[in-house]
Amino acid sequence: MVAALELYLDVDATRRVRTLWRALEAEGIPTLATLLQEKHRPHVSLAAARTLSPTAVAEALNGLPVGRGLTLDLDFVGQFVGRVLWLGVTPTTELLNHHREVHERLEAAGVEVWDLYRPGRWVPHCTISMRVPNPQMAPAIRRCLEILPLRATVTGASVTDHANDIAEPLSS
């Protein structure tokens, strides 16, 4: 299981990422579009853990407009071990400071997150596929490059755990 604090992108950026997902799916490359019965939407995760309590996260972040209004520049393509393909977000001072504030509040409230998402280790990204078949990695990367650069504005945030049907928007 994976739970995350997700930042959602504006309508145009969301449409462009979904178009990319559909193009890759048409080429036989699985994407987040079809993972977990199409529950995913394009996003950038600020934090992730095996589980996250939506109530605890909301209380920890009360009064902080999580991500709202941040501008994200997706300028490159990356890959994590395990054939995970993603669009990379250029780490700006504003984004990194916001990320640090979110994590300071979560830590102060005792909300545990994976180390890979903590300040100093986090790689801001928008996941495209969790498992690109090896022979299709180069064509998938080329397809991703076709939509870049992509500028997005964060319009909202949510605590999600799609495997357990949890999607709780943060109202702050």
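The following refers to the structure shown. (Residues numbered from 1 in each chain as written. Predicted model: local features only at pLDDT ≥ 70, side-chain atom pairs only at ≥ 80, totals over all residues. Heavy atoms only, no water.)

## Some points on the environment of proline 65
Note that proline 65 resides in the loop between α2 (54-60) and β3 (71-80). Separated by 74 residues in the primary sequence, proline 65 and proline 139 have C-alpha atoms spaced 38 Å apart. (Helix = DSSP H or I, 4+ residues; strand = E, 2+ residues; numbered from the N terminus.)

## So, the packing of helix α1 (residues 11-26) against helix α4 (residues 137-145)
Where α1 contacts α4, the axes come no closer than 10 Å and their chain directions differ by 155°. The pairing of α1 with α4 is recorded here as roughly antiparallel in orientation. The crossing of α1 and α4 is right-handed. Between α1, through Leu20, Ala23 and Leu24, and α4, the contact on the second element is made entirely by Ala140, Arg143 and Cys144. For the contact of α1 with α4, the class distribution of residues is 5 nonpolar, no polar and 1 charged. (Axes fitted to C-alpha atoms, helices over the stretch in contact; angles between N-to-C directions. Parallel < 35°, antiparallel > 145°, perpendicular 65-115°, else oblique. Left-handed = near helix turned anticlockwise from the far one by under 90°. Contact = heavy atoms within 4.5 Å. Nonpolar A, V, L, I, M, F, W, Y, C, P; charged D, E, K, R; others polar.)

## With respect to the pattern of salt bridges
Applying the stated criterion across every chain, the model contains 6 salt bridges. For glutamate 101, the salt bridge identified is with arginine 105, shortest N-O distance 3.6 Å. Taken together, the residues span about one helical turn, with glutamate 101 and arginine 105 both in helix α3 (residues 93-108) at a distance of 4 residues. Judged by its relative accessible area of 32%, glutamate 101 falls in the partly exposed class. Residue arginine 105 is classed as partly exposed on the basis of its relative accessible area of 27%. (Salt bridge = Lys/Arg side-chain N within 4 Å of Asp/Glu carboxyl O. Buried < 20%, exposed > 50% of the residue type's maximum accessible area, 1.4 Å probe, protein only.)

## Considering the environment of valine 113
In this fold, valine 113 is placed in the loop between α3 and β5 (125-129). A residue is classified by how much of its surface remains accessible, and valine 113, at 8% relative accessible area, is buried. C-alpha separation for the pair valine 113 and leucine 46, spaced 67 residues apart in sequence, amounts to 10.0 Å. Dropping the residues within four chain positions of it, valine 113 is found in contact with Ala47, Ala48, Ala49, Leu52, His103, Leu106 and Arg118.

## Considerations on the side chain of histidine 99
On the secondary structure map, histidine 99 appears in helix α3. Since its relative accessible area comes to 1%, histidine 99 is described here as buried. Residues contacting histidine 99, with those up to four places away along its chain left out, are Leu46, Tyr117, Arg118, Pro119 and Trp122.

## Thoughts on the packing of aromatic side chains
Here the structure, examined in full by the defined rule, presents 2 aromatic pairs. Between the aromatic rings of phenylalanine 76 and tryptophan 86, the centroid separation amounts to 6.1 Å while the plane-to-plane angle is 75°, which identifies the pairing as edge-to-face. On the criterion of sequence distance, the pair formed by phenylalanine 76 in strand β3 and tryptophan 86 in strand β4 (residues 84-89) is long-range, its members being 10 residues apart. Ring geometry for phenylalanine 80 versus tryptophan 86: centroids 4.8 Å apart, planes at 35°, classification tilted. Judged by its relative accessible area of 30%, phenylalanine 80 falls in the partly exposed class. These aromatic residues form a ring-pair network of at least three members: Phe76, Phe80 and Trp86. Sitting over the face of the ring of tyrosine 8, arginine 41 holds its NZ or CZ atom 3.7 Å from the ring centroid. (Phe/Tyr/Trp six-rings, centres within 6.5 Å; stacked < 30°, edge-to-face > 60°. Lys NZ or Arg CZ within 6 Å of the ring centre and 35° of its normal.)

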